[in-house]
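Here is what each chain is made of, one letter per residue.
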Amino acid sequence: TVPGDALAGFLLMYYPGWGSVDLSPAVPCAAASLLMYCAGLLWNDYFDRHRDRLERPERPIPSGAIRPMAALAAGVAAMVGGLAAAMLAGPAALAVAALLALAVLGYNLGLKRLRGLGPLTMGLCRGLSLLLGAAAIGAEPLADAVSAMARSGTAIVVSFFGMIAYVAAVTYLATKENNQQRVGNSRELPGLAIIAWFVLLYNFAGLPNRLAPSIIAVIAAANWALYCVGSVRAPTTPQAIQRAVGDLVRDLLLIQAALAAVVFWPGVIVALVLAGAWVVFGPLARRFPPS
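**Observations regarding the nonpolar core**
Then comes step 1: Within the largest apolar cluster, 86 residues are counted, with the highest numbers of intra-cluster contacts made by Y166, F198 and L259.
Then comes step 2: Considering every element that reaches this core, the biggest residue donor is helix α12 (residues 238-260), with 13 residues.
Then comes step 3: With residues near it in sequence (within four places) discarded, L259 still touches A8, L12, L130, S159, W197, F198 and L201.

Below is the structure:
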């Protein structure tokens, strides 16, 4: 689900656009996001290894399949590779990547254990991943976009906060997956975040009637989010929450498709590829659990 963040963020800087957009500057940023996300996953296992010995002894480090230092070193290598890839996209992208690296490290060092702050930090990581693609257009245009937001709002800034809200809501739900407990209304938060996000986005953009592919993807994403939490009732089971969280992570692909499709070409093609990835996600998730 990660490379689509940067691609969508890059295309949003041309929103709404009908001319042809060259996607090549966003490719290093997509690679950087993916590498830095991998670093976060590796570091998550490294820093949680003592807790996993008690709660998840089957995981690679506590089971002895992977040495702790090997996981740590691989995470460092992935993070350095991500920063190097961002450097290829220019100084603005490197600056955002550096902020993303700090957020990833902070999350794994302990912010994830702080109630409220943990989910927000995870959301910030994905928001910065989106912003990383936007930064590929260069420092001056990005500064202009931020300045315009102060006056009337822009698509990329609205989507930055929308991504934070959605991922934070999903992460908050995920914090309940290891215990059988009442979830309450928190199960509705991801779907509500999507609706609020795109209502704001379309109002800032103008001419939403010309964005049919994007609107179709938004409707699909919102309905999928509501469907995912249908089995999460109170009280619920860890297995039901894990399935719902995995499906909500999958929904990021539909959200990215909706964002990419605001630019006619090649945004619609990117959106179709992301929709195809959404289909592939299902069978892959059975082998590699996303939660």
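The structure having been displayed, the exposition proceeds.
**Re the packing of aromatic side chains**
Two numbers describe a pair of aromatic rings. These are the distance of the centres and the angle of the planes.
Then comes step 1: On inspection of all chains with the given rule, the structure shows seven aromatic pairs.
Then comes step 2: Ring plane angle 70° and centroid distance 5.1 Å describe the contact between F160 and F161, whose orientation is recorded as edge-to-face.
Then comes step 3: Residue F161 is classed as exposed on the basis of its relative accessible area, which comes to 51%.
Then comes step 4: Judged by centre distance (5.1 Å) and plane angle (25°), the ring pair of W197 and F198 falls under stacked.
Then comes step 5: Looking at W197, the relative accessible area reads 2%, which means it is buried.
Then comes step 6: Here the basic side chain of R49 rests over the ring of Y46, its NZ or CZ set 4.1 Å away from the ring centre.
Then comes step 7: Lying across the ring of W278, R250 places its NZ or CZ 4.0 Å from the centre.

**Remarks on the packing of helix α1 (residues 3-12) against α12**
Then comes step 1: Where α1 contacts α12, the axes come no closer than 8 Å and their chain directions differ by 20°. Between α1 and α12, the angle is such that the two are roughly parallel. Once α1 is placed against α12, the crossing between them reads as left-handed. Mapping the contact onto sequence places G4, D5, A8, L11 and L12 in α1 and Q256, L259 and A260 in α12.
Then comes step 2: For the contact of α1 with α12, the per-class residue count stands at five nonpolar, two polar and one charged.

**Regarding the pattern of salt bridges**
Then comes step 1: Across all of its chains, the model carries eight salt bridges by this definition.
Then comes step 2: Among the ionic pairs, R187 bridges to E188, the shortest N-O distance being 3.5 Å.
Then comes step 3: Exposure remark for E188: the relative accessible area of 26% places this residue in the partly exposed category.
Then comes step 4: Via salt bridges that share partners, D45, D52, R56 and R59 belong to a single interconnected network.

Cut-off values and rules
Residue numbers run consecutively from 1 along every chain, following the written order of its sequence. Only residues with pLDDT of at least 70 are given local features in this predicted model, and only at 80 or more are side-chain atom pairs given and counted; all residues enter the totals for whole chains, interfaces and linings. No hydrogens and no water enter the side-chain calculation; it runs on all heavy atoms of the structure. Residues belong to one nonpolar core when they are buried, are Ala, Val, Leu, Ile, Met, Phe, Trp, Tyr or Cys, and are joined through side-chain atoms within 4.5 Å. Throughout, exposure labels follow a simple rule: accessible area from a 1.4 Å probe, protein chains only, divided by the maximum for the residue type, with under 20% read as buried, over 50% as exposed, and the rest as partly exposed. We count a stretch as a helix when DSSP gives it H or I for four or more residues in a row; a strand needs E for two or more, and each element gets its number in order from the N terminus. It only takes one pair of heavy atoms within 4.5 Å for two residues to be counted as in contact. Two aromatic rings from Phe, Tyr or Trp, using only the six-membered ring of Trp, form a pair when their centres are within 6.5 Å; if the ring planes differ by under 30 degrees the pair is stacked, by over 60 it is edge-to-face, and anything between is tilted. Criterion for a charge above a ring: Lys NZ or Arg CZ within 6 Å of the ring centre, and within 35 degrees of the ring normal. To get an axis, a line is fitted to the C-alpha atoms, and for a helix only the part in contact is used. The angle between two axes follows their N-to-C directions and goes from 0 to 180 degrees. When describing relative orientation, an angle under 35 degrees is termed roughly parallel and one over 145 degrees roughly antiparallel, while 65 to 115 degrees is termed roughly perpendicular and anything else oblique. Should the near helix be turned anticlockwise from the far one by less than a right angle, the crossing is termed left-handed; should it be turned clockwise, right-handed. Any residue outside Ala, Val, Leu, Ile, Met, Phe, Trp, Tyr, Cys, Pro, Asp, Glu, Lys and Arg is labelled polar, Gly included; the first ten of those are nonpolar and the last four are charged. By salt bridge we mean one thing: a side-chain nitrogen of Lys or Arg within 4 Å of a carboxyl oxygen of Asp or Glu.

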